[in-house]
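# What the coordinates show
Listed below, chain by chain, are the residues.
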Amino acid sequence: MAGSASATPTRSSASYRRGRSIQVALAHSILLIVVAISFYPLIVMALNSFKTDSEVLRNPAGLPEVWTLASYRAIFEYHGGLWRNFINSVIVASTSTLVSVWFASMAAFAFAKYQFRGRNLIFALLLAMMMVPFEITVPPLYIMFARLGWLNTYQALIVPSLASVFGLFLMRQYMLGVPSALLEAARIDGANHWQLYWRIMAPASAPILGAFAILHFMGVWNDYLWPLVVATERSIQPIMVVLPNLRDPHIGFLPVWGTIMAGSVLATLPIVTVFVAFQDKFMSSVVIGAVKE
Amino acid sequence: MDTNDALELSAQRAISAAGKRKIRWGDVLAPYLFISPFILAWLTLFIGPAIYSLVLSFFRYKGYGTATYIGIQNYQSILTYHVFWTMLRNTIFYWLAHVIPLMTFAFLLAVLVRSKLVRWKSFFKPVIFLPNVIAVVASALVFQSLFGTQYGVLNSLIGAQIPWLQDPKLTRYVVVLLLVWRGVGWWFVIFLAGLTAINTEVEEAALVDGASAWQQMRHITLPLMRNTFLFAFVIDAISSFRLFTEVNVLVGTGGGLAPVAVAPILNLLLSNLRGAQFGMSAAVGWILFVLVVAVTYIQFRLFQENAEGVE
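Residues numbered from 1 in each chain as written. Chains lettered and ligands numbered in written order. Predicted model: local features only at pLDDT ≥ 70, side-chain atom pairs only at ≥ 80, totals over all residues.

### Overview of the overall build of chain B
Inclusion rule: Comment: elements are numbered from the N terminus, with helices defined as DSSP H or I runs of at least four residues and strands as E runs of at least two. Two things to know: the radius of gyration comes from C-alpha atoms, and the globule rule equals 2.2 Å times the number of residues to the power 0.38. Using C-beta atoms placed from the backbone, we call a residue buried if 20 or more other C-beta atoms fall within 10 Å of its own, exposed if 12 or fewer do, and partly exposed for counts in between. Note on contacts: residues are paired as contacts if their backbone-placed C-beta atoms lie within 7 Å.
Helix and strand counts for chain B stand at 14 helices and two strands. Expected size for 311 residues packed as a compact globule is a radius of gyration near 19 Å; at 26 Å, chain B overshoots this value by more than 25%. Projected onto the principal axes, the alpha-carbon positions of chain B cover approximately 85 × 75 × 40 Å. Each of the 311 residues in chain B was classed as buried or not, and the buried ones make up 38%. Across chain B, the fraction of contacts at a sequence separation of at least 24, relative to all contacts at a separation of at least 6, is 63%.

Right, here's the structure in full:
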């Protein structure tokens, strides 16, 4: 930093400093404007969640005239008890995350640290098929699940997201960097294959497992298309499918904006909580797949 | 590739280690056991359905009774259906209209936050990222509330009755705005990491040699960021063609699908599915696949040509 100042000897240091402080002020005002734009919709969401449904219609932009938790209460009391849909979302997203981290990490371990016949071929096939979008499987999966009587069940919501090739790929890359000597040592101490995975490799690759878990959880939590297809009964629907459809219980067609905003706040809260707790880990999980060293 | 480093718990090794001529089946089977849950799930839930879907796309099938082979008729009817072309045009519009401002803002913000001008970097980084953390459905709903005609926040602030979400021409720009608003933080974080990975010595050497900030950006930073940009553009294009939630929550009333005038391609897959036109629905999926592959290929080519031009 000192280097860049001394690299401009032609300017007097006073005018240099003045020019620099203007630049600093400018940079920060640009960033503050960006921050304001990022936050504005969130502020609207939060403020309107503390208004009653009718006040949002009268006063959509301002502060609440009366701060009330009526909209939050409505979520739990009316509309068939939305808490149930929250629980559905939690069950679906966490089961899917646990199982897919487990499946992908075991497979990644084998691809990274074992020699076996067909390894490279299978791995190449997995990667090649990554270009095929998930949506292609929606019509056949729908037919299959309908035959199995799985429509409107948790398994129909969970099962299609269990095999994440993206996760497998991330984990394998990371595990390649875990020293094999660690495994050799454990092997000499008499560890069996399962212990190598569970006691050595899984803890050693905890950062990437955590990063993938965050991304995957977010993906399933946010999913809208698939639940819209297989979950048509209110009792099984995740919150994301229910939220856009909340209507006035008496009048019918009128969207209940206070309640919808309160629901949006609650639907966002789990991910925001994880984000606030693990900011750096969260953001590096975004980067991991993108930037190669 | 990396076979040297791999732990050779394979058959041969087991033989030599044990000093016996007996194969230890546990060692041979272990890797297969480790990959089998994943591979089984992948085969039954992805590869099987994908093949089924390809076959289905050449049949007329209502979900019951017999399926009739009709050749490429599904594809023909889709490609001659004006609704498909409207949706394709919408999808391409959403992609092209959001990708340039999105990537430009994200990159400039990353350059700014990384520069020596900015203090409190650890404050700005998470704060700029925040819109990504908001559930997609929730952010689309907030935008619906912001841009409502009668009860919308924006209209009530400016005292107008602009039909943002009723006039398709305006709605398309609201969708773009939502995509940019939600996406900037994501790519900002990725570009910031890409910039940080650049060896600062190279940049400082250029400064010492008297390069201006612009020259440094043009000849050092941008070329070094090329792979990150390629990645960003390709991933963003793929997700643009798979756009669904944002549009349908923003303007689809009552959980229904958005009106055709603003709908993305995936809506055609879903509407055919709901109409029990499973063959058609599958065919839409495969057309989407071809589009995704084509767009990815074009971008790889463009980046390659650019790279050759620079060198």
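### Points about the overall build of chain A
Each helix and strand counted, chain A has 16 helices and zero strands in total. When its C-alpha atoms are laid out on the principal axes, chain A stretches across 80 × 70 × 35 Å. Partitioning the contacts of chain A with sequence separation of at least 6, the portion at a separation of at least 24 is 70%.

### Describing the confidence of the model for chain A
Residues and elements named next belong to chain A. The following threshold applies: Each residue carries a pLDDT value, the predictor's own confidence for that position, ranging from 0 to 100.
Mean pLDDT over chain A stands at 89; residues scoring 70 or higher make up 94%. Mean pLDDT across the elements of chain A ranges from a minimum in helix H1 (residues 2–6), with 42, to a maximum in helix H8 (residues 154–158), with 97. Per-residue pLDDT stays below 50 along residues 1–9; that stretch engages in seven contacts with residues further than four places along the chain or on separate chains.

### Observations concerning the nonpolar core
Spelled out, the test is: We define a nonpolar core as a collection of buried residues of the types Ala, Val, Leu, Ile, Met, Phe, Trp, Tyr and Cys that are connected via C-beta atoms lying within 7 Å of each other.
Residues Ala107 and Met171 of chain A together with Phe38, Val137, Phe188 and Leu250 of chain B are the most contacted members of the largest nonpolar core, which totals 163 residues. Contact partners of Leu250 of chain B, with chain neighbours within four places excluded, come to Ala140, Phe143, Gln144, Leu165, Val174, Val175 and Leu178 of chain B.

### Side note on helix H6 (residues 136–146) of chain B
Within H6 of chain B, eleven of the eleven residues are buried, which leaves the element mostly enclosed by the surrounding structure. Of all the positions in H6 of chain B, only Val136, Val137, Ala138, Ser139, Ala140, Leu141, Val142, Phe143, Gln144, Ser145 and Leu146 of chain B are classed as buried.

### Re the packing of helix H15 (residues 257–277) of chain A against H6 of chain B
For clarity, the threshold we go by: Structural elements are reduced to axes, namely lines fitted to C-alpha atoms, with helices fitted over the stretch in contact, and the angle between N-to-C directions of any two is expressed from 0 to 180 degrees. Comment on the angle field: the value is read as roughly parallel under 35 degrees, roughly antiparallel over 145, roughly perpendicular from 65 to 115, and oblique elsewhere. Left-handed describes a crossing in which the near helix is turned anticlockwise from the far one by less than a right angle; the clockwise case is right-handed. Throughout this entry, Asp, Glu, Lys and Arg are counted as charged residues, while Ala, Val, Leu, Ile, Met, Phe, Trp, Tyr, Cys and Pro are counted as nonpolar. The remaining residues, Gly among them, count as polar.
Packing of H15 of chain A against H6 of chain B brings their axes to within 9 Å, and their N-to-C directions diverge by 150°. In terms of orientation, H15 of chain A lies roughly antiparallel with respect to H6 of chain B. In this structure, H15 of chain A crosses over H6 of chain B, and the sense of that crossing is left-handed. Between H15 of chain A and H6 of chain B, the residues in contact are Trp257, Ile260, Met261, Ser264, Ala267 and Thr268 of chain A and Val137, Ala138, Leu141, Val142 and Ser145 of chain B, respectively. Grouping the constituent residues of the contact of H15 of chain A with H6 of chain B by class yields eight nonpolar, three polar and no charged.

### Side note on the domain arrangement of chain A
Interface size is often expressed as the accessible area that is lost when the parts come together. To keep things clear, this is the line we draw: The domain limits used here are those given by an automatic or database domain assignment.
By domain assignment, chain A separates into domain 1 (2–72) and domain 2 (81–245). Relative to domain 2 of chain A, the C-alpha centre of domain 1 of chain A lies at a distance of 38 Å.

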